[in-house]
Amino acid sequence: MKKVITLFTFILAITFNAQAQEVKTVSLEQTKGEFTQKEVKLSEGSYVFNITNNNAGTDVGFVLVPEGKDAADAKNHIKEAYVTKVVAEGKTESSKTVTLQKGTYTYFCPLNKTPQYTLIVE
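A brief report on the enclosed structure follows. (Residues numbered from 1 in each chain as written. Predicted model: local features only at pLDDT ≥ 70, side-chain atom pairs only at ≥ 80, totals over all residues. Heavy atoms only, no water.)

1. Some thoughts on the sheet that holds strand E5 (residues 63–66)
Here is step 1 of the chain: In space, the 4 strands of this open sheet follow the order E3-E9-E8-E5, with mixed pairing throughout. Looking at strand neighbours, the two that pair on one side only are strand E3 (39–42) and E5, the edges of this open sheet. The average undirected angle you get between the axes of adjacent strands in this sheet is 25°.
Here is step 2 of the chain: Looking at chain direction, strand E8 (residues 103–108) and strand E9 (residues 117–121) are connected through 5 bridges and run antiparallel. (Pairing = 2+ DSSP bridges. Helix = DSSP H or I, 4+ residues; strand = E, 2+ residues; numbered from the N terminus. Axes fitted to C-alpha atoms, helices over the stretch in contact; angles between N-to-C directions.)

2. Quick word on the pairing of E3
Here is step 1 of the chain: Going residue by residue along E3, you find Val 40 and Leu 42 tucked away on one face and Glu 39 and Lys 41 left uncovered on the opposite face.
Here is step 2 of the chain: In terms of strand pairing, E3 meets E9 through 4 bridges, oriented parallel. Considered in E9, the bridge of Glu 39 is made with Thr 118. (Buried < 20%, exposed > 50% of the residue type's maximum accessible area, 1.4 Å probe, protein only.)

3. Comments concerning the nonpolar core
Here is step 1 of the chain: One finds Leu 28, Phe 49, Phe 62, Leu 64, Leu 100, Tyr 107 and Leu 119 to be the most contacted residues of the largest nonpolar core, which totals 24 residues.
Here is step 2 of the chain: Within the residue set of this core, elements represented by two or more residues are strand E1 (23–31), E3, strand E4 (45–53), strand E7 (98–100), E8 and E9.
Here is step 3 of the chain: Those residues in contact with Leu 64 that lie beyond four places of it in its chain are Phe 49, Asn 76, His 77, Ile 78, Ala 81, Leu 100, Tyr 105, Thr 106, Tyr 107 and Leu 119. (Core = buried A, V, L, I, M, F, W, Y, C linked by side-chain atoms within 4.5 Å. Contact = heavy atoms within 4.5 Å.)

4. A closer look at the environment of Phe 49
Here is step 1 of the chain: If you trace the backbone, Phe 49 turns up in strand E4.
Here is step 2 of the chain: According to the relative accessible area criterion, Phe 49 is buried, its value standing at 0%.
Here is step 3 of the chain: Note: C-alpha distance between Phe 49 and Ala 81 (32 residues apart in sequence) is 6.9 Å.

5. As for unusual backbone geometry
A negative phi angle is the norm for most residues apart from glycine, just as the trans form is the norm for most peptide bonds.
Here is step 1 of the chain: The residue Asn 55 is not glycine, and still its phi comes out positive at about 60°.
Here is step 2 of the chain: Along the polypeptide, Asn 55 turns up in the loop between E4 and E5.
Here is step 3 of the chain: Look at Lys 113: it is not a glycine, yet its phi comes out positive at around 50°.
Here is step 4 of the chain: On the secondary structure map, Lys 113 appears in the loop between E8 and E9.
Here is step 5 of the chain: On the basis of relative accessibility, which here comes to 68%, the residue Lys 113 falls in the exposed class.

6. Looking at the packing of aromatic side chains
Here is step 1 of the chain: For the structure on display, the rule yields 6 aromatic pairs.
Here is step 2 of the chain: On the basis of an interplanar angle of 85° and a centroid distance of 5.1 Å, the ring pair of Phe 35 and Tyr 107 is categorised as edge-to-face. In this pair, Phe 35 is assigned in strand E2 (residues 34–35) and Tyr 107 in strand E8, connecting sequence segments 72 residues apart.
Here is step 3 of the chain: Assessed through its relative accessible area of 0%, Phe 35 is described here as buried. (Phe/Tyr/Trp six-rings, centres within 6.5 Å; stacked < 30°, edge-to-face > 60°.)

In structure tokens, the structure reads:
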């Protein structure tokens, strides 16, 4: 019985480790009124967004919306992509894990009043 429990624990640990390795990080930087990255291309998968405030002059955030959805309507936002805390000047904050499918998305910051940019998942 101990061998079965040990084997089960080992398999479970490998499974969690493999899942954890699949999450990639996307780092985006905001300055006053804009993101420095104007377009992002990714492959399908799970991501955490790290948002850096580089002297934007205000706290910043991050909004991600699937193409074709009204970005002004918060019900269309991918809530997991929100940073878990607004980003103060000189700081970096992260989103929760977001799983993205093939398609086109829009990202922007309503706090920093950035334009809407394109994120493409191939």
